[in-house]
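# Remarks on the overall topology
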Amino acid sequence: MPFLLDDVVVTRGEGDDHVHPLADVSFAIAPARATVVVGPSGSGKSTLLRLLNRMEEPSGGRVLLHGKPLPEYDVLALRRRVGLLMQRPTPFPGSVIDNLRTGAPALSEPEALALLARVGLAETFLHRDTDELSGGEAQRVCLARALAVGPEVLLLDEATSALDPFAAQVVEGVVRSLVDEGLTVVMVSHDLAQARRVADDLVVVLEGRVVAAGPAVEVLADPAAAAYLNGVA
């Protein structure tokens, strides 16, 4: 398993003012599958995601990558192996190819064109200025930029929530194609309909606890998750 979370706890604050955004979280993330983490706002979904590339550290328990605790990895090397795509598109000023070379300065034009093809963008985008891109195009450029360094895992934190429905479904299609190519994807979403379309595996988080985790078909039928799932289906 690429990732294993073992009795993970996240505590913020001290004394009577402390809270647990996550408590007693244990589950595995399978390779070459799309794992979608769902739950209501404030349930701990994004906190969980940030643990996977050390943007946040657990207060207790362990997060392991290929059986090795994350603190044993160099953090910059880890973040090349575990890429992150944020909620809002964040292309840097300049051309698309400049963006793709941010983490891979030696990237050739043929390699850059291959990346654009992977995210469903035409060759004509390569030298376009990022100021000219739509929201969906900009998010796909950010996705290509994350892929340029060759990650083995891609994290998406509500990566389509700022896009219109058409652009969101285009990005979903790209994500599914990347999983089919063998990439491991972990995606946070508040949208159960999206989770149904994208997920191989589903993790349901309620009030900082994982109440169900496993193959999406099984989790969607799990009574332990029904209080949330039935409310947003």
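Residues numbered from 1 in each chain as written. Predicted model: local features only at pLDDT ≥ 70, side-chain atom pairs only at ≥ 80, totals over all residues. Heavy atoms only, no water.

Attention now goes to the overall build of the chain. Of the regular secondary structure elements, the chain holds nine helices and 10 strands. Whereas a compact globule of 233 residues would reach a radius of gyration of roughly 17 Å, the chain reaches 18 Å, a difference of no more than 12%. A principal-axis box enclosing the C-alpha atoms of the chain has dimensions of 55 × 40 × 35 Å. Counting only residues that meet the buried cut, the chain has 47% of its 233 residues in that class. In the chain, 67% of the contacts between residues at least 6 apart in sequence involve partners at least 24 apart. In the structure as shown, the chain presents an accessible area of about 10600 Å², 52% of it carried by carbon and sulfur atoms. (Helix = DSSP H or I, 4+ residues; strand = E, 2+ residues; numbered from the N terminus. Rg over C-alpha atoms; globule rule 2.2 N^0.38 Å. Buried < 20%, exposed > 50% of the residue type's maximum accessible area, 1.4 Å probe, protein only. Contact = heavy atoms within 4.5 Å. Areas by Shrake-Rupley, 256 points an atom, 1.4 Å probe, with all protein chains shown as cover.)

Our focus in this paragraph is the sheet that holds strand E7 (residues 153-157). Strand order in the open sheet formed by six strands is E6-E7-E8-E3-E9-E10, and the pairing between neighbours is mixed. Looking at strand neighbours, the two that pair on one side only are strand E6 (82-85) and strand E10 (209-215), the edges of this open sheet. On average, adjacent strands in this sheet sit at an angle of 15° to one another, irrespective of strand direction. Across five bridges, the pairing between E7 and strand E8 (residues 184-189) is parallel. The residue of E8 that forms the bridge with Leu-154 is Val-185. (Pairing = 2+ DSSP bridges. Axes fitted to C-alpha atoms, helices over the stretch in contact; angles between N-to-C directions.)

A word on the sheet that holds strand E4 (residues 60-65). The strand order across the open sheet formed by four strands is E2-E1-E4-E5, and the pairing between neighbours is antiparallel. In this open sheet, the two edge strands, each paired with only one partner strand, are strand E2 (19-29) and strand E5 (68-69).

This paragraph deals with the confidence of the model for the chain. Per-residue confidence for the chain gives a mean pLDDT of 91; residues scoring 70 or more make up 94%. Here helix H9 (residues 226-232) stands out as the element of the chain with the lowest mean pLDDT, 64, in contrast to helix H3 (residues 96-100), whose mean of 97 is the highest. (pLDDT = per-residue confidence, 0-100.)

What follows deals with the nonpolar core. Counting 49 residues, the largest nonpolar core has Val-36, Leu-100, Leu-143, Leu-156, Val-185 and Leu-202 as the members making the most contacts within it. If we skip the residues at most four places from it in the chain, Leu-143 touches Leu-85, Val-119, Leu-154, Val-174 and Leu-178. The next biggest cluster of nonpolar side chains, apart from the first, holds 25 residues, and it includes Phe-3, Leu-22, Ile-29 and Val-63. (Core = buried A, V, L, I, M, F, W, Y, C linked by side-chain atoms within 4.5 Å.)

The next point concerns the pattern of salt bridges. What the rule picks out here adds up to 12 salt bridges. With a shortest N-O distance of 3.4 Å, Arg-176 and Asp-180 are connected by a salt bridge. With Arg-176 and Asp-180 both in helix H6 (residues 165-180), this residue pair falls four residues apart, about one helical turn. One network of salt bridges, with partners in common, ties together Arg-12, Arg-50 and Glu-56. (Salt bridge = Lys/Arg side-chain N within 4 Å of Asp/Glu carboxyl O.)

Applying the stated criterion across every chain yields a total of zero aromatic pairs. Here Lys-68 stacks its cationic end above the ring of Tyr-73, 4.5 Å away from the centre of that ring. (Phe/Tyr/Trp six-rings, centres within 6.5 Å; stacked < 30°, edge-to-face > 60°. Lys NZ or Arg CZ within 6 Å of the ring centre and 35° of its normal.)

Right, let's get into the environment of Arg-145. By the element assignment, Arg-145 lies in helix H5 (residues 135-147). For the pair Arg-145 and Ala-104, spaced 41 residues apart in sequence, the C-alpha to C-alpha distance is 8.7 Å. Aside from chain neighbours lying at most four places away, what touches Arg-145 is Thr-90, Pro-91, Phe-92, Asn-99, Leu-100 and Thr-102. Separated by 3.0 Å, the side chains of Arg-145 and Asn-99 make a polar contact. (Polar contact = N/O pair within 3.5 Å; in protein donor to acceptor, adjacent residues only side chain to side chain.)

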